[in-house]
Amino acid sequence: VKSSANSRTMKSATRVLNRVGKKWSIRPQLSKMGEILRPLGKLLEPLTDKIGWQLMALAAYFLGAWAFWHRTQGWSILESLYYGVVTLTTVGYGDYCAKTRSGKLFATAYIGIGVTLVASILVGAVAKNLSAAEERLAQRLKEQAETSGDKTTKPWKELASFALLLLNIVVGATYMAFSEGYWGGKGGWEHPIVDALYWSVVTATTVGYGDLPLNHARSRHFSVVYLLISTTLLTDCIGHVAARAVAAKKEKVLARELSPEMIREMSTIEGAGSEITRVEYLSSVLVEAGTVERTDVDAILARFDELDVCRSGTLDEADIRMAAMKEFYDTPGIIKKEPSTRSRKLLDRFR
């Protein structure tokens, strides 16, 4: 058709193709299909979100375990949920466990998947909600202190985290004292208050001795929620304590007075022992405070030196131009006749 641009053949072929295109066009059908599927897309929109996939993964994890344990050991769905949460939080009471060879093989895979993947999703979701409560409590404590005239700086977040953990232990001990002690009936705990406090602390710290059995279903159902909240609060409290230690170490490093020993320690340039730069001071303080590792700082500075082709100590357009020229000309053995696409674009940009 192109070779005979002015011929009758091209004109007739064009008319035929236009008619066929109008008759067999699929655009109207696709438009109608899109209108039909649009409500379904809105319905499935939450599932495409990250939270939706996490909820589906948790449901598949617990329902799959229930299907297996119900078939092999006759557990109910709540008993399977209790076993799953005790496993995920690494408490491991031992009151519910696999008793067959197939069950032990299943539990091996179940523990590996649960502790590495599912626990991070579940505990992360709980921690997100608890962190908001912790922020509100810390803000309230700070406002009350300012109202009373106390303007000293205190670790309000650490105090709020510890207060929530202590409140959680008290609530767990109170419930178990009545559930397994006073209302436990025959076979209940002998010393309700002491045993309940002991169980609450052992569970919150994920020690899980298992010497105090839970004889009632209501206690196991309560433990499912208590385990998730207590382990999350404990992890958060430990994280605040560790962060406080790092902050104290950083303050100590920043409070150091300038001295010849300090200059020699922080200087990383050979022969420049009488002065230190801003970069050297920054990297030395971060390394000494434990915020970063020396190897990470060295790797970042080495990468900066690679990008600084002009050796000017800064990164600018001259380095981009020099890098493009080096890529084009610096070839071992021979010189390229044609530059690469990236080099050609860079050279055209600075031409």
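Residues numbered from 1 in each chain as written. Predicted model: local features only at pLDDT ≥ 70, side-chain atom pairs only at ≥ 80, totals over all residues. Heavy atoms only, no water.

The helix and strand tally for the chain stands at 13 helices and zero strands. Put simply, the chain runs from its N terminus to its C terminus through helices and strands in the order α-α-α-α-α-α-α-α-α-α-α-α-α. When the accessible surface of the chain is summed, it comes to about 24,100 Å², and 63% of that surface belongs to carbon and sulfur atoms. (Helix = DSSP H or I, 4+ residues; strand = E, 2+ residues; numbered from the N terminus. Areas by Shrake-Rupley, 256 points an atom, 1.4 Å probe, with all protein chains shown as cover.)

In the structure shown here, the tally under the stated rule is two salt bridges. Among the salt bridges present, the one from Arg-256 reaches Glu-288, with a minimum N-O distance of 3.2 Å. Of the two residues, Arg-256 is situated in the loop between helix 8 (217–254) and helix 9 (260–266) and Glu-288 in helix 10 (residues 278–288); the sequence distance between them amounts to 32 residues. Arg-303 is the partner of Glu-306 in a salt bridge, and the nearest nitrogen-oxygen pair spans 3.0 Å. Remark: Arg-303 and Glu-306 occur in helix 11 (residues 294–307); sequence separation between them is three residues, near one turn of the helix. Taking relative accessible area as the criterion, Arg-303 reaches 46% and is therefore assigned partly exposed. (Salt bridge = Lys/Arg side-chain N within 4 Å of Asp/Glu carboxyl O. Buried < 20%, exposed > 50% of the residue type's maximum accessible area, 1.4 Å probe, protein only.)

Quick look at helix 10 now. Looking at helix 10, one finds that the buried residues are Glu-280, Ser-283, Ser-284 and Val-285. Residues of helix 10 that are buried sit in contact with helix 8, helix 9 and helix 11. Downstream of helix 10 by a residue or two, Gly-290 has a phi angle that is positive, lying close to 85°. (Contact = heavy atoms within 4.5 Å.)

Our next topic: unusual backbone geometry. Working note: non-glycine residues mostly have negative phi, and peptide bonds are mostly trans. One non-glycine residue, Thr-90, lies in positive phi territory at about 60°. Within the secondary structure layout, Thr-90 lies in the loop between helix 4 (77–88) and helix 5 (101–147). Of note, Arg-311 is a non-glycine position whose phi angle comes to about 55°, a positive value. Positionally, Arg-311 belongs in the loop between helix 11 and helix 12 (317–329).

The next point concerns the environment of His-70. Inspection of the secondary structure assignment puts His-70 in helix 3 (residues 50–73). As a C-alpha pair, His-70 and Ser-80 span ten residues in sequence and 8.1 Å in three-dimensional space. In this structure the side chain of His-70 is engaged in a polar contact, spanning 3.0 Å, whose partner is the backbone oxygen of Trp-75. (Polar contact = N/O pair within 3.5 Å; in protein donor to acceptor, adjacent residues only side chain to side chain.)

Okay, the confidence of the model for the chain next. Scored by pLDDT, the chain comes out at a mean of 76, with 69% of its residues at no less than 70. Ignoring residues within four places in sequence, the model shows residues 1–5, a span with pLDDT below 50, making four contacts including any to other chains. Counting interchain partners and residues more than four positions distant, the pLDDT-below-50 stretch residues 333–337 has four contacts. (pLDDT = per-residue confidence, 0-100.)

Turning our eyes to something else, we now look at the packing of aromatic side chains. Aromatic rings in a pair are described by how distant their centres are and how their planes are angled relative to each other. Evaluation of the coordinates by the stated rule reveals 17 aromatic pairs. For the ring pair Tyr-82 and Tyr-96, a centre distance of 5.6 Å and an interplane angle of 75° mean the geometry is edge-to-face. Here Tyr-96 lies in the loop between helix 4 and helix 5 and Tyr-82 lies in helix 4, a separation of 14 residues in the sequence. Per residue, the accessibility class of Tyr-82 equals that of Tyr-96, and both read buried. Taking the centre distance of 4.2 Å and the plane angle of 20° together, the rings of Tyr-175 and Phe-222 count as stacked. Separated by 47 residues along the polypeptide, Tyr-175 in helix 6 (residues 156–182) and Phe-222 in helix 8 bring together distant segments of the chain. (Phe/Tyr/Trp six-rings, centres within 6.5 Å; stacked < 30°, edge-to-face > 60°.)

With that out of the way, let us pick up the packing of helix 8 against helix 10. Viewed as axis vectors pointing N to C, helix 8 and helix 10 meet at an angle of 140°, and their least axial separation amounts to 9 Å. Taken together, helix 8 and helix 10 sit at an angle that is classed as oblique. Helix 10 is crossed by helix 8, and the crossing has right-handed handedness. From helix 8, Lys-249, Val-253 and Leu-254 reach across to helix 10, where they touch Tyr-281, Val-285 and Glu-288. Here the contact of helix 8 with helix 10 is composed, by residue class, of four nonpolar, no polar and two charged. (Axes fitted to C-alpha atoms, helices over the stretch in contact; angles between N-to-C directions. Parallel < 35°, antiparallel > 145°, perpendicular 65-115°, else oblique. Left-handed = near helix turned anticlockwise from the far one by under 90°. Nonpolar A, V, L, I, M, F, W, Y, C, P; charged D, E, K, R; others polar.)

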